[in-house]
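Given next are the chains, with one letter for each unit.
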Amino acid sequence: MDILRGKKRSSSIFRVVEYFLTFLVIISLNFALPRMMPGEPFLHYSGEVDELVAFYSKEQIQYYHEYYGLDRPLHEQYFSYLKDLAEGDLGFSYYYKENVRTIILRRLPWTMFLVISAMGLSIIAGIILGSYSAWHRGKWQDSVLYTALVVFSEIPAFLVGLALLIWLGAGLGLFPLAGAATHFANYDSIWDKIADMLHHAALPVLTLTLSRTGGIYLLVRNSLGTVLAKDYMLTARAKGLKELRIRYVYALRNALMPLCTRIAIQLGALIGGAILAENVFSYPGIGVLMRSAVVVRDYPLIQGIFLVLAVGVMVANMLADLAYKYIDPRTRPAVIGSREMEEF
Amino acid sequence: MLKKIAVVTAAVVLMFVFALSGCGTAIEGDRVDETARSGGKQQEQQEKSAEPVVLRLEGGDWGFPQPYTRYSRGPGNARVNYIFDKLIEKDEKGFIPWLAQSWEISEEGKKYIFNLVENAKWHDGEPFTAEDVVFTFSYLKKYPPVSPVEAFMDDTFLLEVKALSNYQVEFNFAAADPNLFENLSSVYILPQHIWSEVDRPDEFTAEEAVIGTGSYTLTDYNKEHGTYRYEAFRDFWGLEPAVDVLEFIPVSDPVLALEKGDIHCASIPVDALSRFENDPKYTIIQRPGFWGYRLRFNMEKVPVFKVKEVRQAFAYAIDRQDLVDKTARGAAVAGSLGVLPPDHRWFNPNLPKYERDIERAKILLKEAGLEGQNLQFELLVGEDTEVRIGEVIKEHLSDIGIEIKVVSTEMKTRDSRIAEGNYQLVLVGHGGWARDPNYLGERFTGGDRGDWSDGTPGYFNVQVEELAGRLRSEIDEAVRKEITMELQQVLAEDVPEISLYLTTGYDVFRNDIHDGWMHVFDHHMMEHNILSFLIR
């Protein structure tokens, strides 16, 4: 028992050390990568068509380097970055002229709102459609669904977004064309405000959902197909279990295991999709911010955003791990004794 | 399982919705009648002249609108311009008196006495005085704003600014500066009673940071949504505001937003103009060509570019009108080889045109002793349109046996390579072509300044040096115009770079909402000028 417990403890410590090292690598890369990109944060010369920029001379660029500490040796900058980070200070944005933490905190909820809504909806739609297809494998319903969803998942998110914008937004006038809320409006109640926000979020969420459902649908359809052919399905039927129980408790639960991993992996891609949706609908969020932070070489902001995203993906992986354990009893440690189980 | 996912998702989403619905805005002001907002009602309300005019334009976040926190790219400066005044403004023809109502010049342009407007008030009710001007010029020496004016930060040039009375201020310079008015029209006057205590102006976003003397006050700004809301300042000292409320809101597609009435003025692509042409409530205006693309030679890295005939051959081989048609869909004007754009107030129309002439170009290459030689150059370009421009240039030059390799990099990388002089040929686009012709000197004289952003590595021409030098110190406008005409002649002959084209896109506006739009003499965007929003 003691040996087993010791082993478990050392494996937990190893896990913590592993996460810590990963984190350290991430923040070091976060520091190094923006600085390795060619381009000078304070040199604004050319612009996009009709864009105006504030041009700085060599002396002025030097002034800003001193002002923001970019003239100091790299290792000094690195250690001061680590120190600030330990204090929860993500730095001051050169371009946005604000604390990076404030900038991110103000925008992150909007992206999370889009991403989580779209992910939830696409999982639900993917599971429903995927299982429907799997039950009707080989029939016309399956072929129609399969073709339609494969086609949808192959269309880039921004094209789907534009089509929805032109059709549902401009054409039918059902949804607002841009933004996340009616601006400068006075609401009668918080419910009006929420309704307005959901109305604005509808098209971007729909865009992301449409572009994500295909992948989940295919996974569920295939996974369920494999499960349906298993012997234990036959056993279940032979036991005389009800069809609904067989479908949802025996088959679907087993078929959903790969989905957990898939969701964690998809999170990164979904944030990529969110950037496009935010761009198409002028929706406030971290995606548009990330793009412009890179374009203007705003080092502290790039560092901050990538840190948040990296931590987000790490947390998603951990959650997927935990969820997998919850759904699939086989991944739990062997039952040694009741205390062991309690600890788990 | 499914139910659980649905419940968890719904709970998380609701949590976000509640959190987001609590997101506030930076500055809240009194609301003007909210019903004025719906597009359909606007017209009715216009007719009842007592109702406020609410003008909505395309938004986007360009920074908190004070001179130190607006962003260095994009129209942030215009957002500041509605709130803060300058000593000098601009109209269609040139510089006009603003906070400085009149002036006396003495000591050959080294001393200026400005008589200031006497009824101006800050938005908080405090009177504006000469002390505010003195304070502003000492403050910007200490803290350079986002758009700094180097001349005013130089102690050896701007020797002294002093108040002679409450409404009279004296400037003493080490030398006469022909660009003085242009420079003065870039400095926003700050209230001393607020800013004297501020030592981190780039972090100053309190409500009083947007107190100016300007014709509009900021009542709402939201960074993440990119919205701004301004109201006319009723105690404004000058012209009466033509718009009561000015709102900037996020827009996904300007064409759809204008059609739907979400906004009242927008830049519209040529292809979509027909949708507005036959509707009397829309007016279409073409922009002057003050934003352009240049093809620059690095004569230091590629000595063959030092040969005038080679550069001329490039000019004859590249069909600029073809570039306009193919890459700007006709919404541009071909550049002049004298560099100053055709819409510039001092443009010289009597210059060699360099219409496409392959034979002439080949002869010039022959004269340069390059006939039959393998001529290969690398052309550095940015992204998107610039790649297309690069490809068309490549095609044009292949006709005279010059092989071009188009290398596309991202904008910032390209800018850095320009500053380092690390290119053979480079294509670059930017604004500011209508500024004072002094910029010709910045482009083509001065040798190595350790920064080639605006200069031409390896280029030297005695005549250009001499004319640009005179232009830098001459303050008589008529003489300066003459010098500029001559300088364009020399440049058109010598071709130190090729001005490819200047964009002249279209703006479409709802004339039933607001009809006062105008372009100032040196800028291509109507909404950036305060005069567009005042009754003249």
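Residues numbered from 1 in each chain as written. Chains lettered and ligands numbered in written order. Predicted model: local features only at pLDDT ≥ 70, side-chain atom pairs only at ≥ 80, totals over all residues. Heavy atoms only, no water.

Visitor: Just checking my understanding: could you explain the overall build of chain B for this structure?
Guide: Helix and strand counts for chain B come out as 17 helices and 19 strands. Within chain B, the proportion of its 536 residues that are buried is 60%. In chain B, the proportion of contacts linking residues at least 24 apart, taken out of those at least 6 apart, comes to 71%. (Helix = DSSP H or I, 4+ residues; strand = E, 2+ residues; numbered from the N terminus. Buried < 20%, exposed > 50% of the residue type's maximum accessible area, 1.4 Å probe, protein only. Contact = heavy atoms within 4.5 Å.)

Visitor: Explanation requested: the overall build of chain A in the structure shown.
Guide: A count of helical and extended segments in chain A gives 13 helices and zero strands. Each helix and strand of chain A, ordered N terminal to C terminal, gives the series α-α-α-α-α-α-α-α-α-α-α-α-α. Based on the C-alpha atoms only, the size of chain A along its principal axes is roughly 85 × 65 × 40 Å. Taking all 344 residues of chain A together, the buried fraction comes to 45%. Within the structure as shown, chain A displays about 17,100 Å² of accessible surface, and the carbon and sulfur contribution to it stands at 66%. Distance between charge centroids for chain A: 13 Å, based on 32 positive and 28 negative side chains. (Areas by Shrake-Rupley, 256 points an atom, 1.4 Å probe, with all protein chains shown as cover. Lys, Arg positive; Asp, Glu negative; His and termini not counted. Charge placed at Lys NZ, Arg CZ, Asp CG, Glu CD.)

Visitor: Got a minute to help me understand helix H11 (residues 286-295) of chain A in this structure?
Guide: Because an α-helix completes one turn every 3.6 residues, residues spaced three or four positions apart along the sequence face the same direction. Within H11(A) the residues assigned to the buried category are A:Ile286, A:Gly287, A:Leu289, A:Met290, A:Ser292 and A:Ala293. Once H11(A) ends, the next one or two residues include A:Arg297, with phi positive near 55 degrees.

Visitor: Would you mind going over the packing of aromatic side chains with me for this structure?
Guide: For any pair of aromatic rings, geometry is given as the distance between the ring centres together with the angle between the planes. All names here are of chain B. According to the stated counting rule, one finds 62 aromatic pairs over all chains in the structure shown. Look at Tyr216 and Phe533: their rings are 6.5 Å apart centre to centre, the planes differ by 80 degrees, and that puts the pair in the edge-to-face class. Here Tyr216 is found in strand E8 (residues 216-222), whereas its partner Phe533 is found in the segment after strand E19 (506-510), with 317 residues between them in sequence. On the basis of relative accessible area, Tyr216 is assigned to the buried category, the value being 0%. Ring centres 6.2 Å apart and planes at 50 degrees place the aromatic pair Phe314 and Phe377 in the tilted group. Of this pair, Phe314 sits in helix H10 (residues 308-317) while Phe377 sits in strand E15 (residues 375-381), and the two are 63 residues apart along the sequence. Judged by relative accessible area, Phe314 falls into the buried class, the value being 0%. Of the residues examined, Phe377 reaches a relative accessible area of 7% and is grouped as buried. The rings of Phe95, Trp103, Tyr112, Phe114, Phe137, Phe152, Phe157, Phe171, Phe173, Phe181 and Phe521 are connected pair by pair, giving a single aromatic cluster. The residue whose ring lies beneath Arg345 is Trp346, and the NZ or CZ to ring-centre distance is 4.7 Å. (Phe/Tyr/Trp six-rings, centres within 6.5 Å; stacked < 30°, edge-to-face > 60°. Lys NZ or Arg CZ within 6 Å of the ring centre and 35° of its normal.)

Visitor: How should the side chain of A:Ser131 be read in this particular structure?
Guide: Residues and elements named next belong to chain A. Among the secondary structure elements, Ser131 is positioned in helix H4 (residues 100-135). From its side chain, Ser131 meets the backbone oxygen of Ile127 in a polar contact 2.4 Å long. Once residues lying within four places of it in the same chain are set aside, the contact partners of Ser131 are Gly126, Val220, Leu224 and Leu252. (Polar contact = N/O pair within 3.5 Å; in protein donor to acceptor, adjacent residues only side chain to side chain.)

Visitor: Is there a simple way to explain the interface of chain A and chain B in this structure?
Guide: The parts lose accessible area when they come together, and the size of an interface is often stated as this lost area. Residue-level contacts link 75 residues of chain A with 83 residues of chain B. Surface buried jointly by chain A and chain B totals about 6,600 Å² across both partners, of which 64% is contributed by carbon and sulfur atoms. Between the two partners, chain A and chain B, sit five salt bridges. Close ionic contact of B:Glu410 with A:Arg297 constitutes a salt bridge, the shortest N to O distance being 2.7 Å. (Buried area = accessible area lost by both parts, 1.4 Å probe. Salt bridge = Lys/Arg side-chain N within 4 Å of Asp/Glu carboxyl O.)

Visitor: Help me understand helix H6 (residues 157-171) of chain A in this model?
Guide: Residues and elements named next belong to chain A. Here H6 spans 20 Å end to end across 15 residues, near enough to the 21 Å set by a 1.5 Å rise per residue. The largest bend in H6 is about 30 degrees, located at Leu165. The set of residues buried in H6 consists of Ala157, Val160, Gly161, Leu164, Leu165, Leu168 and Gly169. Once H6 ends, the next one or two residues include Gly173, with phi positive near 65 degrees. (Expected span 1.5 Å × (residues − 1). Bend = angle between axes of the 7 residues up to and from the residue.)

Visitor: Which parts of the structure should I look at to understand a nonpolar patch on the surface?
Guide: Residue and element names in this part refer to chain A. Among the surface-exposed residues, Val151, Phe152, Ile155, Phe158, Leu159, Leu162, Ile166 and Leu276 lie close enough to one another that they form a single nonpolar patch of about 620 Å² accessible area. Sorting elements by how many residues they give to the nonpolar patch places H6 first, with four residues. Mapped onto the elements of the fold, Phe152 is located in helix H5 (residues 140-154). (Patch = residues over 30% accessible without salt bridge, like charges linked within 9 Å, V, L, I, M, F, W, Y side chains within 5 Å.)

Visitor: How should I be thinking about the sheet that holds E15(B) in this particular structure?
Guide: All names here are of chain B. The strand order across the open sheet formed by six strands is E14-E18-E13-E17-E15-E16, and the pairing between neighbours is mixed. The sheet terminates laterally at strand E14 (332-334) and strand E16 (402-408), the two strands that pair on one side only. When strand polarity is set aside, the average angle formed by the axes of neighbouring strands in this sheet is 20 degrees. Judged from the three bridges that link them, E14 and strand E18 (residues 497-503) form a sheet pairing that is antiparallel. Its bridge partner being in E18, Ala332 is matched across the sheet by Thr503. The sheet strands contacting helix H13 (residues 385-398) are strand E13 (291-297), E15, E16, strand E17 (425-430) and E18, and the helix crosses E16 at an angle near 170 degrees. (Pairing = 2+ DSSP bridges. Axes fitted to C-alpha atoms, helices over the stretch in contact; angles between N-to-C directions.)

Visitor: How do you make sense of the nonpolar core when you look at a structure like this?
Guide: Grouped burial of nonpolar side chains is what soluble globular proteins tend to show. Residue and element names in this part refer to chain B. Ranked by size, the top nonpolar core spans 144 residues in total, and within it Leu87, Phe137, Phe152, Phe171 and Leu184 carry the most contacts. Look past the residues within four positions of Phe171 in its chain and what remains in contact with it is Leu87, Lys110, Lys111, Tyr112, Phe114, Val133, Phe137, Leu158, Glu160, Val161 and Leu184. In this structure, Ala313, Val324, Ile400 and Tyr459 belong to the second largest nonpolar core, which totals 60 residues. (Core = buried A, V, L, I, M, F, W, Y, C linked by side-chain atoms within 4.5 Å.)

Visitor: Sorry if this is basic, but what is going on with unusual backbone geometry here?
Guide: Peptide bonds are trans in most cases, and residues, glycine excluded, mostly fall at negative phi. Residues and elements named next belong to chain B. Of note in the backbone geometry, Arg329 takes a positive phi value of approximately 50 degrees without being a glycine. Overall, Arg329 belongs to the exposed group, its relative accessible area being 55%. Its identity is not glycine, yet Asp384 carries a phi of approximately 50 degrees, on the positive side.

Visitor: Looking at this model, I keep getting lost on the packing of helix H8 (residues 231-238) of chain A against helix H9 (residues 243-255) of chain A. Mind explaining?
Guide: Helices that pack against each other are described as a pair by the angle of their axes relative to one another and the distance between those axes. Residue and element names in this part refer to chain A. Two elements in contact, H8 and H9, have axes whose closest approach is 10 Å; the angle formed by their N-to-C orientations is 160 degrees. Our classification of the angle between H8 and H9 gives roughly antiparallel. When you trace H8 past H9, the crossing you get is right-handed. On the side of H8, the interface is formed by Tyr232, Met233, Ala236 and Arg237, while H9 contributes Glu243, Ile246, Tyr250, Ala251 and Asn254. When grouped by side-chain class, the residues that make up the contact of H8 with H9 number six nonpolar, one polar and two charged. (Parallel < 35°, antiparallel > 145°, perpendicular 65-115°, else oblique. Left-handed = near helix turned anticlockwise from the far one by under 90°. Nonpolar A, V, L, I, M, F, W, Y, C, P; charged D, E, K, R; others polar.)

Visitor: Is there a simple way to think about the pattern of salt bridges in this case?
Guide: It is possible for side chains bearing opposite charge to pair when their charged atoms get close. Scanning all chains against the criterion turns up 40 salt bridges over all chains. A salt bridge links A:Lys83 to A:Glu87, with the shortest nitrogen-to-oxygen separation between them at 3.9 Å. Classification of A:Glu87 by relative accessible area gives exposed; the value is 55%. B:Arg470 is the salt-bridge partner of B:Glu466, the closest N and O atoms lying 3.6 Å from each other. In this pair, B:Glu466 and B:Arg470 both sit in helix H16 (residues 462-473), four residues apart, roughly one turn of the helix. Judged by its relative accessible area of 37%, B:Arg470 falls in the partly exposed class. Residues joined in a network through salt bridges with shared partners are A:Glu98, A:Arg106, B:Lys223 and B:Glu224.

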